[in-house]
Amino acid sequence: RDDQTIYNQYKGTTTYGKNKELEFEKVLEGRDWENTDEFTFTISSTDEDAPMPNNTSLTVKNSTRDHKVNFGTISFTEEDVNRVYHYTVSESFDTSKIQSVAPAEDVKEGISFTIKVEYTTEGKLSLVVSDYENTFTNIYETTTKTAKKIWSYDNDRDGKRDDYDNLYIAVK
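Residues numbered from 1 in each chain as written. Predicted model: local features only at pLDDT ≥ 70, side-chain atom pairs only at ≥ 80, totals over all residues. Heavy atoms only, no water.

## Some thoughts on the environment of Ser45
Mapped onto the elements of the fold, Ser45 is located in strand E3 (residues 38-45). On a C-alpha basis, the gap between Ser45 and Thr88 in space is 6.2 Å, while along the polypeptide they are 43 residues apart. If sequence neighbours within four positions are ignored, Ser45 has contacts with Ala50, Met52, His86 and Tyr87. A polar side-chain atom of Ser45 sits 3.0 Å from the main-chain amide nitrogen of Asp47. There is a polar contact of 2.7 Å between the side chain of Ser45 and the backbone oxygen of His86. (Helix = DSSP H or I, 4+ residues; strand = E, 2+ residues; numbered from the N terminus. Contact = heavy atoms within 4.5 Å. Polar contact = N/O pair within 3.5 Å; in protein donor to acceptor, adjacent residues only side chain to side chain.)

Put into structure tokens, the structure is as follows:
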């Protein structure tokens, strides 16, 4: 074999999430956490072939440390160069178990971000990530009703109101 050609192929990879970038915090305002509280977080992508972390669904409970979940890392290869991936982290919870809690306006549709994979001037893989918040805040909302007692007993002239069958409560 006098004519041998050797090809070296660069197989670059990089990951996102090594520094807890895919960690999300659950904040509950207006009341303390209860033992039955559970909020499930899901990471998804609108891009069919987007690289994903190993865990795509995680649950935060009262017992979860600092009420945070971490999806881990997403790995990218040189096949992903010049691609932009769109991710959304959304939250769900059982409204029959957690009542009067509403998601804050800024996270109702989830938290979205993009990751673009590109080469650096040194030929290494680099990630450009859009800014996004890592906190989901839910607000406990109470409803106050005003009630007024209305007595209806025409024959009650002495003011003793002994006929309780005719007690009405008007709620506004």
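## Details of the packing of aromatic side chains
For the structure on display, the rule yields 9 aromatic pairs. Taking 5.5 Å as the distance between ring centres and 20° as the angle between the ring planes, the aromatic pair formed by Tyr87 and Phe113 counts as stacked. Here Tyr87 is found in strand E7 (residues 84-92), whereas its partner Phe113 is found in strand E9 (residues 111-119), with 26 residues between them in sequence. Each member of the aromatic cluster is reached from another via a ring pair, and the members are Phe24, Phe41, Phe71, Tyr87, Phe113, Tyr132 and Phe136. Residue placement shows Lys26 over the ring face of Phe39; its charged tip is 4.6 Å from the ring centre. (Phe/Tyr/Trp six-rings, centres within 6.5 Å; stacked < 30°, edge-to-face > 60°. Lys NZ or Arg CZ within 6 Å of the ring centre and 35° of its normal.)

## Details of unusual backbone geometry
Glycine aside, residues mostly have negative phi angles, and peptide bonds mostly take the trans form. Phi angles above zero are rare outside glycine, and Asn82 is one such case at about 70°. Locating Asn82 in the fold gives a position in the loop between strand E6 (74-77) and E7. Positioned with a positive phi, Ser100 is a non-glycine residue whose angle comes to about 65°.

## Describing the pattern of salt bridges
Counted according to the given criterion, the structure contains 8 salt bridges. Among the salt bridges present, the one from Glu91 reaches Lys26, with a minimum N-O distance of 2.5 Å. On the criterion of sequence distance, the pair formed by Glu91 in strand E7 and Lys26 in strand E2 (residues 23-29) is long-range, its members being 65 residues apart. With respect to burial, Glu91 and Lys26 carry one shared label: buried. Among the charged side chains, a salt-bridge network with shared partners connects Arg31, Glu34 and Asp37. (Salt bridge = Lys/Arg side-chain N within 4 Å of Asp/Glu carboxyl O. Buried < 20%, exposed > 50% of the residue type's maximum accessible area, 1.4 Å probe, protein only.)

## Description of the side chain of Asp80
Locating Asp80 in the fold gives a position in the loop between E6 and E7. As a buried residue without a salt bridge, Asp80 has its nearest oppositely charged side chain in Arg83, at a separation of 5.0 Å. Every residue in contact with Asp80, bar those within four places of it in the chain, is listed here: Pro51, Tyr85 and Val117. (Lys, Arg positive; Asp, Glu negative; His and termini not counted.)

## Topic: the nonpolar core
Membership of the largest hydrophobic core comes to 30 residues, with the highest contact counts inside it found for Tyr87 and Phe113. Of all the secondary structure elements, the ones that give two or more residues to this core are E2, E3, strand E4 (57-61), E6, E7 and E9. The residues contacting Phe113, other than those within four sequence positions of it, are Tyr16, Leu22, Ile43, Tyr85, His86, Tyr87, Val89, Val129, Ser130 and Tyr132. (Core = buried A, V, L, I, M, F, W, Y, C linked by side-chain atoms within 4.5 Å.)

The analysis is restricted to geometry; functional conclusions fall outside its scope.
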